[in-house]
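Geometric and topological summary
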Amino acid sequence: MTLSNSDNATLAPAAEFPAALPLLTMPNQVVFPMAMMPMSVSNATEVTLLEETVMGHKFVVLLTLRDPRIDNNGLDNAFEIGVIGRILQFQRQPDDSANVLIQALKRCHVEKLIQREPYRIVQVKPLEDTPGDPDAIAPLATTVKNQMSRLIALAPSIPDAAQAVIDNIEDPGFLADLVASNLNISIPEKQRILSEVDRKRRLERLTYILAREVELMELSDKIQNDVKSAIDKGQREFFLRQQLKAIQRELGEGDPGPTEAKRYREKIEALALKEDVKREVLREADRLEQMNESSAEYHVITTYLDWIVDLPWNVSTEDRLDIARAETILNEDHYGLDKVKRRILEYLAVRKLKPDATGPILCFVGPPGVGKTSLGQSIARALGRNFAHMSLGGMRDEAEIRGHRKTYVGALPGRIMQHIRKARSNNPVFMLDEIDKVGSDFRGDPSSALLEVLDPAQNHVFADLYLNVPEQNSTFRDNYLGVPFDLSRVVFIATANMLDTIPWALRDRMEIIEIPGYTAEEKLHIARKYLIPKQIHAHGIPSRNLKIAQAAVRKIISSYTQEAGVRNLDREIANVCRGCARLFADGQKTAVIITPENLSVYLGRERVFHEAAERASVPGVATGLAWTVTGGDILFIEATRVPGKGGLMLTGQLGDVMKESAQAVMSYVRANARLLGIPDEDFSTFDIHIHVPAGAVPKDGPSAGVAILAAVTSLLTGKKVKPRVAMTGEITLRGLVLPVGGIKEKVLAAARAGIRTVILPQQCERDLDDVPASAKNKLTFRFVRRMEEALDIALGLRRKISAAPSPRRR
């Protein structure tokens with residue numbers, strides 16, 4: 001396509017263009033005003049169109065198709081802005097095709113389609129350029145000319161004569177059209193320039209495009225020069241290497257390097273690596289070829305290349321997307337955990353609908369022994385993937401994650417890549433165990449290195465807006481390997497006992513799934529279905545020779561273990577099996593039946609006692625509920641008074657927050673002593689001592705506020721806290737009871753300890769939805785908003801502060 005000089009072009013006035021013109025669509029070309037378009041037309045409809053038009057007014061409309069593969073005889077697939085052209089030459093060929101020369105004259109807007117057969121006729125509106133401010137347009141035109149001069153100098157495909165043509169153009173609009181028509185840019189970009197009738201905005205858009213094209217050409221020119229220099233250097237090295245080989249042959253020295261390097265090259269070629277990775281690895285193979293086998297560097301490179309060829313770069317297992325089968329496997333391996341199972345089945349469903357979906361990054365949070373780690377193995381079996389397990393507990397060196405640089409003696413890749421190699425696939429289920437126990441010191445912070453491992457694009461906040469946000473873990477770069485490895489297909493599963501020690505940036509990259517402790521009924525099912533058969537088999541006892549009664553299992557749960565998980569329960573069952581194994585080894589032939597009566601023969605005396613009622617049988621003792629990393633637990637608050645000067649003593653290794661709760665209690669009690677029924681006494685004559693047993697265990701948090709209030713009020717009023725009543729909640733000086741966390745774990749602990757009534761803040765009522773029905777059915781819940789309501793339930797105090805007269809002002 002060429003553009004004629006605007007001074008010599010004969011342009012029909014807008015009034016001389018017919019309102020209805022035949023339409024000719026261009027599949028892969030945008031035509032600008034003043035362009036000369038030689039065309040060869042073979043379509044019979046288009047030949048008829050041109051033949052009839054050249055006999056009449058000779059004007060046609062040229063429109064560019066949005067999708068060159070579709071031309072549906074309408075206007076849906078064509079841009080609205082095109083040009084009006086005039087047929088200058090038309091020549092029919094013997095094969096019924098035609099050669100035609102069309103000159104584009106003026107921009108136009110296609111209003112509507114008037115006729116479809118025998119060819120399309122459209123109603124058009126000619127478009128005039130907006131002149132704009134000459135003072136603003138002139139600098140833009142100069143910039144375009146300078147950019148085009150630079151582009152002509154860099155692009156060998158543009159003839160030098162084009163510079164003279166550009167310099168002689170004075171019309172800014174025609175300058176923009178001429179430059180745009182000769183640029184190698186996309187059809188949509190050219191169409192946007194054609195659609196712009198404002199000359200200033202057209203030139204501005206063109207300057208951005210020219211700047212980009214000049215930058216690309218400069219970069220391409222630099223690359224070509226670098227490649228030429230590299231080729232010259234490579235040829236020189238080749239000749240020197242050949243001379244070195246000839247010298248070695250004359251000296252009779254062996255040359256094992258090339259043979260070893262060739263072997264590595266063959267393996268590298270077979271891996272089908274990405275170009276940047278392949279180039280880097282082959283460079284190491286080239287270095288190996290130039291080294292003597294006795295060189296220390298030789299063995300460093302061979303170890304490096306061994307790691308490269310052993311990694312599963314393109315080896316992956318095929319997911320088994322049978323959801324029913326996966327659900328069966330998960331149910332076979334674990335009892336309960338419905339939320340986790342549902343999440344895995346949802347992932348399988350997404351994979352079935354969208355096979356290229358990346359793997360989720362899950363974090364199972366719960367107390368020890370609830371099956372977090374074994375759940376990862378079950379997920380791998382359900383997906384049909386290989387399984388990799390990596391323990392992070394106590395890790396303090398960042399190099400454990402990223403590896404050491406290979407220049408160090410004894411350097412190896414990080415444990416991420418080591419486990420990927422052991423898994424033998426690039427899409428395993430990867431278990432990051434105990435992620436909450438990662439440390440840091442002068443050697444670095446491993447949790448910061450994990451940010452790259454656990455950062456896929458689908459978790460990006462703006463993933464829907466920026467679809468090209470890169471996945472960091474798709475280009476994970478181990479320090480030892482020095483090349484990117486794709487971890488985006490790995491299903492990462494982390495486990496933790498608590499979230500507080502996990503950095504927030506790392507926590508934000510994971511989907512948190514909480515796994516609470518088990519109830520007694522759930523432990524019973526787990527023991528009968530999983531633990532007992534496993535231990536009987538592990539101790540070599542035929543299943544018919546040992547029966548453990550259900551009542552005996554209940555007694556083991558309640559009297560020999562006190563935990564949120566089932567790890568100690570598994571140990572106690574193992575103790576029973578060992579005792580029975582000895583009997584069978586001594587010659588016993590009859591089957592052994594374990595009952596609550598003979599359980600102590602194998603496990604000794606009971607080790608867990610539910611003393612909530614006994615401990616709270618005297619004034620000054622209340623039962624609280626606490627959350628711990630091992631699940632929930634009960635704690636006793638003991639208060640007594642001794643002669644003193646109105647002081648407060650706190651023991652039991654209490655944290656600052658818990659100490660402040662005790663101080664708030666004392667302030668509230670002293671301010672409302674008469675209303676609480678406390679005898680008129682001078683508080684300055686005695687001290688209050690508050691102690692929380694289990695002094696070796698640190699304790700902190702605001703949730704013991706209500707229990708401390710009950711203990712102190714019980715002491716000063718002489719009223720005992722009702723038996724089997726436990727409580728939790730934060731208090732304020734205004735007498736409010738505020739919500740606290742860990743309700744599910746605390747309620748389960750209360751049910752295990754034999755508590756009957758639990759006092760909770762009113763706002764925590766919604767948290768009971770997560771508590772299993774088997775635990776809720778054992779307890780009575782009382783919800784309170786104010787501290788006097790809690791005292792009424794716990795102590796039977798019926799005085800209401802709100803009913804008391806207001807103190808008089810002096």
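In what follows, the accompanying structure is described.

Each value, and the rule that gives it
- Residues numbered from 1 in each chain as written.
- Predicted model: local features only at pLDDT ≥ 70, side-chain atom pairs only at ≥ 80, totals over all residues.
- Heavy atoms only, no water.
- Helix = DSSP H or I, 4+ residues; strand = E, 2+ residues; numbered from the N terminus.
- Buried < 20%, exposed > 50% of the residue type's maximum accessible area, 1.4 Å probe, protein only.
- Contact = heavy atoms within 4.5 Å.
- Areas by Shrake-Rupley, 256 points an atom, 1.4 Å probe, with all protein chains shown as cover.
- Phe/Tyr/Trp six-rings, centres within 6.5 Å; stacked < 30°, edge-to-face > 60°.
- Lys NZ or Arg CZ within 6 Å of the ring centre and 35° of its normal.
- Core = buried A, V, L, I, M, F, W, Y, C linked by side-chain atoms within 4.5 Å.
- Patch = residues over 30% accessible without salt bridge, like charges linked within 9 Å, V, L, I, M, F, W, Y side chains within 5 Å.
- Salt bridge = Lys/Arg side-chain N within 4 Å of Asp/Glu carboxyl O.
- Pairing = 2+ DSSP bridges.
- Axes fitted to C-alpha atoms, helices over the stretch in contact; angles between N-to-C directions.
- Parallel < 35°, antiparallel > 145°, perpendicular 65-115°, else oblique.
- Left-handed = near helix turned anticlockwise from the far one by under 90°.
- Nonpolar A, V, L, I, M, F, W, Y, C, P; charged D, E, K, R; others polar.
- Lys, Arg positive; Asp, Glu negative; His and termini not counted.
- Charge placed at Lys NZ, Arg CZ, Asp CG, Glu CD.
- Arc of directions from axis to C-beta.
- Polar contact = N/O pair within 3.5 Å; in protein donor to acceptor, adjacent residues only side chain to side chain.

What follows covers the overall build of the chain. Across its full length, the chain carries 26 helices and 25 strands. Per-residue burial over the chain gives 47% buried out of 810 residues. For the chain, the proportion of contacts with a sequence separation of at least 24, taken over those separated by at least 6, is 73%. When the accessible surface of the chain is summed, it comes to about 41000 Å², and 50% of that surface belongs to carbon and sulfur atoms.

Turning our eyes to something else, we now look at the packing of aromatic side chains. Geometrically, a pair of aromatic rings is defined through the distance of the ring centres and the angle of the planes. One pass over the full model with this rule turns up five aromatic pairs. For the ring pair phenylalanine 17 and phenylalanine 59, a centre distance of 5.2 Å and an interplane angle of 85° mean the geometry is edge-to-face. With phenylalanine 17 in the loop between β1 (2-3) and β2 (20-26) and phenylalanine 59 in strand β4 (residues 59-64), this residue pair connects regions lying 42 residues apart in the sequence. Across this residue pair, the class does not change: phenylalanine 17 and phenylalanine 59 are buried. Its end group placed over the ring of phenylalanine 686, arginine 641 keeps NZ or CZ at 4.9 Å from the ring centre.

Moving on, we come to the nonpolar core. General note: in soluble globular proteins, nonpolar side chains tend to be found buried as a group. Grouped together as the largest cluster of nonpolar side chains are 55 residues, with contacts concentrated most on Ile416 and Ile435. It is helix α9 (residues 296-310) that provides the largest number of residues to this core, a total of seven residues. Among residues more than four places away in sequence, those in contact with isoleucine 416 are Met390, Glu400, Ile401, Phe430, Leu432, Val453, Phe476 and Leu487. Grouped together as the second largest cluster of nonpolar side chains are 53 residues, Ala35, Leu175, Val179 and Ile193 included.

With that settled, consider the side chain of threonine 713. Positionally, threonine 713 belongs in helix α23 (residues 705-717). For threonine 713, a relative accessible area of 0% gives the class buried. Apart from the residues within four sequence positions on either side, threonine 713 is in contact with Val669, Leu676, Gly718, Leu791, Leu795 and Leu797.

Attention now moves to a nonpolar patch on the surface. On the surface, a cluster of nonpolar side chains totalling about 250 Å² of accessible area is made up of Leu219, Ile223 and Val227. Looking at the element boundaries, isoleucine 223 is found in helix α6 (residues 199-251).

This part is about the sheet that holds strand β9 (residues 387-391). Pairing is parallel across the open sheet formed by five strands, whose spatial order is β9-β10-β13-β8-β14. On the outer flanks of this sheet lie β9 and β14 (511-514), each paired with one strand and no other. Each strand axis lies, on average, 20° off the axis of its neighbour in the sheet, ignoring direction. As paired strands, strand β10 (residues 429-433) and strand β13 (residues 491-496) are joined by four bridges and run parallel to one another. Paired with leucine 432 across the strands is alanine 494, a residue of β13. Its contacts with the sheet place helix α12 (residues 372-383) against β8 (361-365), β9, β10 and β13, and it is angled at close to 175° to β10.

Glancing now at the pattern of salt bridges. Tallied over the entire structure, the rule returns 36 salt bridges. For arginine 199, the salt bridge goes to aspartate 129, with nearest N and O atoms at 3.6 Å. Here arginine 199 is found in helix α6, whereas its partner aspartate 129 is found in the loop between β7 (121-126) and α2 (134-154), with 70 residues between them in sequence. Using a relative accessible area of 22% as the deciding quantity, one classes arginine 199 as partly exposed. A salt bridge links arginine 287 to glutamate 284, with the nearest nitrogen and oxygen atoms 3.3 Å apart. Separated by three residues within a single helix, arginine 287 and glutamate 284 lie in helix α8 (residues 275-289), roughly one turn from each other. Each member of the salt-bridge network shares a partner with another, and the members are Arg107, Asp129, Asp171, Asp177, Arg199 and Arg202.

Here the focus is the environment of isoleucine 502. Looking at the element boundaries, isoleucine 502 is found in the loop between β13 and α16 (504-508). When the C-alpha atoms of isoleucine 502 and lysine 437 are compared, they prove to be 8.0 Å apart, with 65 residues separating the residues in sequence. With residues near it in sequence (within four places) discarded, isoleucine 502 still touches Ile435, Asp436, Ala496, Arg507 and Met510.

So, about the packing of helix α10 (residues 323-333) against α12. Remark: α10 packs on α12, axes separated minimally by 9 Å, with the N-to-C direction vectors making an angle of 155°. When the axes of α10 and α12 are compared, the pair comes out roughly antiparallel. As α10 packs across α12, the resulting crossing turns out to be right-handed. Contact residues: Arg325, Ala326, Ile329, Leu330, Glu332 and Asp333 in α10; Ser378, Ile379, Arg381 and Ala382 in α12. In the contact of α10 with α12, the residues fall into five nonpolar, one polar and four charged.

The next point concerns a negative patch on the surface. A cluster of like negative charges, contributed by Glu514, Glu765, Asp769 and Asp770, occupies part of the molecular surface. In this fold, glutamate 514 is placed in strand β14.

Glancing now at the environment of leucine 194. Here leucine 194 is to be found in helix α5 (residues 187-195). Once the C-alpha coordinates of leucine 194 and glycine 82 are considered, the two residues, 112 residues apart in sequence, prove to be 7.5 Å apart. Residues contacting leucine 194, with those up to four places away along its chain left out, are Val30, Val31, Phe32, Pro33, Ile81, Gly82, Val83 and Arg107.

On to α10. All buried positions along α10 are accounted for by Ala326, Ile329 and Leu330. All buried residues of α10 lie within an arc of 95° about the axis, which places them on one face of the element. N-capping of α10 is provided by aspartate 322, with a side-chain oxygen placed 3.2 Å from the backbone N of alanine 324.

Our focus in this paragraph is helix α15 (residues 446-453). Here α15 lies mainly inside the structure; six of its eight residues are buried. Against the buried residues of α15 lie α13 (399-402), α14 (415-423), β11 (476-477), β13 and α16.

As paired elements, β4 and strand β5 (residues 81-92) share four bridges and run antiparallel to each other. Looking at the pairing, valine 61 lines up with isoleucine 84 of β5. Sheet analysis places β5 next to strand β6 (residues 98-115), joined by eleven bridges and oriented antiparallel. Paired with valine 83 across the strands is arginine 107, a residue of β6. The loop that links β5 with its antiparallel partner β6 comprises five residues; one of these, aspartate 96, has a positive phi angle of about 70°.

So, on to the side chain of serine 661. Mapped onto the elements, serine 661 comes out in helix α22 (residues 656-671). When its relative accessible area of 8% is taken as the criterion, serine 661 is described as buried. If near-sequence neighbours (up to four positions away) are discounted, serine 661 is found in contact with Gly701, Pro702, Gly705, Ile708 and Ile731.

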